[in-house]
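Examining the three-dimensional arrangement
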Amino acid sequence: MPLPQNQNNINIPSTSTYVQLFFYTTHPPPQSTLSNKPHFPTSNFTMETVKQAANYVAETVQGTGAEASKEANKGVAKSNDANVSTRASAAKDALVDKKDELSHNTKADVHKEAAKN
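Under an unreviewed UniProt entry, the name given to the protein chain is Glucose-repressible gene protein, and the organism recorded is Penicillium freii.

Shown next as structure tokens:
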């Protein structure tokens, strides 16, 4: 099919020619190979990797929450405005929060390593 011409006898490609050119440059035809490999990159993520990554995030958030609670309890324990029993209770709670923080951070590290494999 000949290309239409404008007033200066210059060939002008039709819109469908541009569409075809764009399509073939962005979607090249598949290469014929002897293998049945897909023509697009495949992901190596498994459902287990996704679960481990989600668990890592959850444990990290919980560890951060425990750390914030620990710091707040430390502040109360050091405060001169609180009575002795309140300060002692806050100090005990800070120790429990520290244990929780370490536990969550350890679990987060385990999930992070499991997600890498």
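Quick notes on helix 3 (residues 84–116)
Taking 1.5 Å per residue, 33 residues should reach 48 Å; helix 3 reaches 48 Å between its end C-alpha atoms and fits that length. All of the buried residues in helix 3 are Ala-90, Ala-94, Asp-97, Glu-101, His-104, Ala-108, His-111 and Ala-115. Looking at the buried residues of helix 3, the elements they touch are helix 2 (47–78).

Some remarks on the environment of Lys-116
Secondary-structure assignment places Lys-116 in helix 3. Looking at Lys-116, the relative accessible area reads 56%, which means it is exposed.

With respect to the packing of helix 2 against helix 3
Packing of helix 2 against helix 3 leaves a shortest axis separation of 7 Å and a crossing angle of 160°. As far as their axial angle goes, helix 3 and helix 2 are roughly antiparallel. Considering only the axes of helix 2 and helix 3, their crossing is left-handed. Across the contact of helix 2 with helix 3, the residue classes tally to eleven nonpolar, twelve polar and 13 charged.

What to know about the pattern of salt bridges
A complete count under the given rule lists six salt bridges for this structure. Among the salt bridges present, the one from Lys-74 reaches Glu-71, with a minimum N-O distance of 3.6 Å. A residue pair is termed a helical-turn pair when its members lie 3 or 4 positions apart in one helix, as Lys-74 and Glu-71 do in helix 2 at three residues. On the basis of relative accessible area, Glu-71 is assigned to the partly exposed category, the value being 39%. A salt bridge links Glu-113 to Lys-116; the shortest N-O distance between them is 3.4 Å. One end of the pair is Glu-113 and the other is Lys-116, both in helix 3 and three residues apart, which spans about a single turn. Residues joined by salt bridges that share partners form a network here, namely Lys-70, Glu-71, Lys-74 and Glu-101.

Definitions and cut-offs
- Residues numbered from 1 in each chain as written.
- Predicted model: local features only at pLDDT ≥ 70, side-chain atom pairs only at ≥ 80, totals over all residues.
- Heavy atoms only, no water.
- Helix = DSSP H or I, 4+ residues; strand = E, 2+ residues; numbered from the N terminus.
- Expected span 1.5 Å × (residues − 1).
- Buried < 20%, exposed > 50% of the residue type's maximum accessible area, 1.4 Å probe, protein only.
- Contact = heavy atoms within 4.5 Å.
- Axes fitted to C-alpha atoms, helices over the stretch in contact; angles between N-to-C directions.
- Parallel < 35°, antiparallel > 145°, perpendicular 65-115°, else oblique.
- Left-handed = near helix turned anticlockwise from the far one by under 90°.
- Nonpolar A, V, L, I, M, F, W, Y, C, P; charged D, E, K, R; others polar.
- Salt bridge = Lys/Arg side-chain N within 4 Å of Asp/Glu carboxyl O.

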